[in-house]
Structures are given as C-alpha cells and as structure tokens.
Amino acid sequence: MADMAERVVQSPVNHFTVRAIDGQFAGKDFISVDQLGPDDVTRLFEVARNMESIVARRETSDLLAKIGVAILFYEPSTRTFGSFSAAAHWLGASRTLEVQGMSAYSSALKGETLPDTIRSIEQITAYDLIVLRHPEDNSGYEAAHYAKVPVVSGGAGTLEHPTQAMLDLYTIQHKLGRVSGLRVGMLGDLKNGRTVKSLGRALTMMDPGAQFYFIGPEELKMPETEVHGFEQRGARVVQTPDLQSVLPELDVLYVTRIQKERFPDTQEGQALYDSLKGRYIVTPEVMKEAKPDMIVMHPLPRVDEISPEFDADRRAVYFDQMGMGLYIRMALLALLTGKD
Ligand code: ASP
C-alpha cells in the first residue's frame, strides 16, 4: 500500500523514474534533487555534521566496513571523484572499485552500452552502491533503471549534479546561516552547466520565494524549461547580461565556467566558445560594488572567470565550498546504504 502512494520523479528525457526519498534514504537512488523534500535536506545536513566530527577526530569510521562501492566516471573530475573516494574510505569501505577513465579504458570504447556496463559491474563486484558520472543527460535515470543496487549521480550531462547541489546548499547554510530569503545570482554558462540547474531546483524546494538573477550572454541563457520550472514553484527570475546592474543586490554570486567540452566540435563551435570566453571576469575591482557580507561560490574548476587576486577576499568561499563535498558525500553514502 505504501508503494502505491510513493512519489516518483520522472526523467525529463524518457519514461524512466526514480523513487522520491521522502524520509527514507536507505536502498534508494539519488539522481535528482527533485527526489528530496526540506526534511530530507535537514536530515542530510544533520548526518553531514556528524561526518565533519569523524574527519575532525582523524579517525576512520567502520560504518561502511561491510559495504562495497563502485565509482565509475566517464567524464573528467577532480573534486567529485576524489571526495566520493575519500568519503568511502573515511567510512571504512574496504571494497571499492574506482575507475576515472571509463570512456577511455572500459568496454564503452568497444561499443558497450551503459545498461550492459552497469549490469556487468554489479555482477562482477557484488558491491552495494554505484556512483556514476556520465555525459548523457539521462544517464543517471538509465543506470538506476537497470541497476539493482542504489545509483548515485556524480553529474549527468548538462542536466543534473545533485550531490554538488547539496554541498552548495550546505555551504550557503554554513556561511550565511540560512538557505531562504536569498537573492542568488548565477553567472556564466547557464545553458550547459548542470550545477546551476540542480542548485536552482534545490533552492526553490527549500524556499519557494527564492529570487534568482541569471546573468550571462544570450547564447548561454538558462533553458526556458528550467526558468519556467523555477517560476512555477514561486521563484522570481531576472535575466540579464549585465553583472554590474544586479551585483549590489546579491547575497550569493554563483560563478560558473563556460563548458568548452559541450560546444560542437566544429570550427563554428570553437569560434563561438572563443567569442564568449573571458566576457565576465570576477576581480577585486568588479566586486567593489557587491555587499560586504555576500559570498562568491564556484563549483570549480575555474578557467578565467574569477581572477586569483580575488581568492584572498573573505567573500570568496569556493575553496571551503569544495571541502563541504566530503561531508555531504559521506552522509549520502551512509544514508543510502542504511548505515547512518
Ligand atoms: N565540476 C562541475 C561539474 O562537473 C562544474 C564544471 O565542470 O564546470 O559540473
């Protein structure tokens, strides 16, 4: 009976669905922030705080001692891959399979499909959870559909990066003491960037009255479907190419890089990228117009969109932000395997 009433979240690409968390993490996939409600985020943050103390004590926990974790990445990564790996090891997981070069070194190169690879990994490892990063928008839903064990998205195409959104939210809570009533500017490649979409959904879930300023060139605008979704939940959205005109309003400026790898691999694609890069650069000079108690975030890696001279500013929180990823990913591994 409980199953009949269970909320599911549908892929925007096809009919695949994942179960909402709704108070019960154990045994579920985590593919989209839309699976969460405010109480789930509260629980996640509570467990993340416990994880902070495990790391602060420099002790390895044995929560995941009997758990096996496969971490499969088809796209480059420093932070997400590294922190999932570290998270598993801080929690005592001795059974891990960690492959960062799936596109180059797995049977994907021989033409194997994602469903076949996922089923193979399950069979050959007998592990309990799979973390997947993949360039296809639907990859998380697809992997979750075929896997018997929980699948966690470590970033899917241009659409979702749910664990990044949670660490972003945790950072905002940490730095500003709240995740609602905020004026949030998102700057850069809002068309191809997945972090801004997941964070936008997470913020509107926590605060239906969120105020967004989407800042960037016309060619890299936030897709209309996303803007519509935010507005339907009650958010107010301002779109502008002019950073300086909105900067004084902001509590958070979330900067993103232009996603070079998602431009067409043609002369025109390259020319477009060249014409857009370097158009917005956050410098100490630019930031004179911003409030003294606001924060500047970035999911990283940065290319040239924040000058290193700004790093010493107390509003620059992007290095602390990535550190939060360890605690959030530890918490998620524990919660999804029922070992919290
Ligand atoms: N690391 C983030 C991601 O995987 C941001 C980026 O690559 O620009 O989406």
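These notes cover the structure that comes with them. Please read all numbers here as calculations on a predicted model, not as lab measurements.

### Details of the site of the ligand
Here comes step 1: Within the structure, the ligand sits among Arg 133, His 161, Arg 194, Thr 195, Arg 257, Gln 259, Pro 299, Leu 300 and Pro 301.
Here comes step 2: Within the side chain of Gln 259, an N or O atom sits 2.9 Å from an oxygen atom of the ligand.
Here comes step 3: Separating a nitrogen atom of the ligand from a backbone N or O atom of Leu 300 is a distance of 2.9 Å.
Here comes step 4: Notes on the ligand: free accessible area 260 Å², of which the protein chains cover 91%.
Here comes step 5: A class-by-class count of the residues in the shell around the ligand yields three nonpolar, three polar and three charged.

### Section: the side chain of Asp 29
Here comes step 1: Within the secondary structure, Asp 29 is located in the loop between strand S2 (17-19) and helix H2 (38-56).
Here comes step 2: Buried charge without a partner: Asp 29 forms no salt bridge, and the closest opposite charge is Arg 19, 6.0 Å away.
Here comes step 3: In this structure the side chain of Asp 29 is engaged in a polar contact, spanning 2.8 Å, whose partner is the backbone nitrogen of Val 151.
Here comes step 4: Residue contacts for Asp 29: discarding those within four places in its chain leaves Val 18, Ile 21, Gln 35, Ala 144, Val 149, Pro 150 and Val 151.

### Quick look at the sheet that holds strand S9 (residues 236-240)
Here comes step 1: Across the sheet, five strands lie side by side as S9-S8-S7-S10-S11; this open sheet has parallel pairing. Whereas interior strands pair on both sides, the edge strands pair on one side only; in this sheet they are S9 and strand S11 (295-297). Averaged over all adjacent pairs, the angle separating strand axes in this sheet is 20°, with direction ignored.
Here comes step 2: Taken together, the five bridges between strand S7 (residues 183-187) and strand S8 (residues 211-215) define a ladder with parallel strand orientation. Bridged to Gly 185 within S8 is Tyr 213.
Here comes step 3: Seen against the sheet, helix H9 (residues 224-232) touches S8 and S9 and runs at an angle of roughly 145° to S9.

### Brief notes about the sheet that holds strand S3 (residues 68-73)
Here comes step 1: Strand order in the open sheet formed by four strands is S4-S3-S5-S6, and the pairing between neighbours is parallel. Every other strand in the sheet has two partners, leaving strand S4 (95-99) and strand S6 (151-156) as the edge strands with one partner each. Across the sheet, the mean angle separating the axes of adjacent strands is 10° when strand polarity is ignored.
Here comes step 2: Sitting on the sheet, helix H3 (residues 79-90) touches S3, S4, strand S5 (129-134) and S6, and the angle it makes with S4 is about 170°.
Here comes step 3: Across the face of the sheet, helix H5 (residues 114-125) comes into contact with S3, S4 and S5 while running at roughly 150° to S5.

### Section: unusual backbone geometry
Here comes step 1: The peptide bond linking Leu 300 to Pro 301 adopts the cis configuration, its omega dihedral lying at 5°.
Here comes step 2: With respect to the secondary-structure elements, Pro 301 resides in the loop between S11 and helix H12 (318-336).
Here comes step 3: Positive phi outside glycine occurs at Asp 22, with the angle close to 40°.
Here comes step 4: For Asp 22, the location among the structural elements is in the loop between S2 and H2.
Here comes step 5: You can call Asp 22 partly exposed: its relative accessible area is 44%.
Here comes step 6: Unlike most non-glycine residues, Leu 300 shows phi in positive territory, near 65°.

### Let's talk about the packing of aromatic side chains
Here comes step 1: Counted under the stated rule, the structure contains eight aromatic pairs.
Here comes step 2: Geometrically, the ring pair formed by Phe 16 and Tyr 146 is edge-to-face, given 6.2 Å between the ring centres and 85° between the ring planes. Of this pair, Phe 16 sits in the loop between strand S1 (8-10) and S2 while Tyr 146 sits in helix H6 (residues 139-146), and the two are 130 residues apart along the sequence.
Here comes step 3: Its relative accessible area of 7% is what places Phe 16 among the buried residues.

### As for the nonpolar core
Here comes step 1: Counting residues in hydrophobic clusters, the biggest one holds 69 residues, and the most contacted among them are Met 166, Met 186 and Phe 212.
Here comes step 2: With 11 residues, the single largest contributor to this core is H12.
Here comes step 3: Ignoring anything within four residues of it in the chain, the contact list for Phe 212 reads Val 184, Met 186, Gly 200, Leu 203, Thr 204, Phe 230, Ala 235, Arg 236, Val 237 and Val 238.

### Some remarks on the pattern of salt bridges
Here comes step 1: Enumeration according to the criterion identifies 21 salt bridges in this entry.
Here comes step 2: With its nearest N and O atoms 2.7 Å apart, the salt bridge here joins Arg 43 to Asp 340. Here the residue Arg 43 occupies a position in helix H2, and Asp 340 occupies one in the segment after H12, the gap between them amounting to 297 residues.
Here comes step 3: Each of Asp 34, Glu 160, Arg 201, Glu 226 and Arg 233 takes part in one network of salt bridges that share partners.

### As for the pairing of S3
Across a regular strand the side chains alternate sides, sitting on one face of the sheet and then on the other.
Here comes step 1: Most of S3 sits inside the fold, with six of its six residues counted as buried.
Here comes step 2: Burial along S3 is two-sided: the residues Gly 68, Ala 70 and Leu 72 and Val 69, Ile 71 and Phe 73 are all buried.
Here comes step 3: Sheet analysis places S3 next to S4, joined by five bridges and oriented parallel. Note on S4: the bridge partner recorded for Val 69 is Thr 96.
Here comes step 4: Taken together, S3, H3 and S4 constitute a β-α-β crossover, and its handedness is right-handed.

Definitions and cut-offs
Residues numbered from 1 in each chain as written. Predicted model: local features only at pLDDT ≥ 70, side-chain atom pairs only at ≥ 80, totals over all residues. Heavy atoms only, no water. Near = heavy atom within 4 Å. Polar contact = N/O pair within 3.5 Å; in protein donor to acceptor, adjacent residues only side chain to side chain. Areas by Shrake-Rupley, 256 points an atom, 1.4 Å probe, with all protein chains shown as cover. Nonpolar A, V, L, I, M, F, W, Y, C, P; charged D, E, K, R; others polar. Helix = DSSP H or I, 4+ residues; strand = E, 2+ residues; numbered from the N terminus. Buried < 20%, exposed > 50% of the residue type's maximum accessible area, 1.4 Å probe, protein only. Lys, Arg positive; Asp, Glu negative; His and termini not counted. Salt bridge = Lys/Arg side-chain N within 4 Å of Asp/Glu carboxyl O. Contact = heavy atoms within 4.5 Å. Pairing = 2+ DSSP bridges. Axes fitted to C-alpha atoms, helices over the stretch in contact; angles between N-to-C directions. Phe/Tyr/Trp six-rings, centres within 6.5 Å; stacked < 30°, edge-to-face > 60°. Core = buried A, V, L, I, M, F, W, Y, C linked by side-chain atoms within 4.5 Å. Right-handed = clockwise from strand over helix to strand, strands pointing away.

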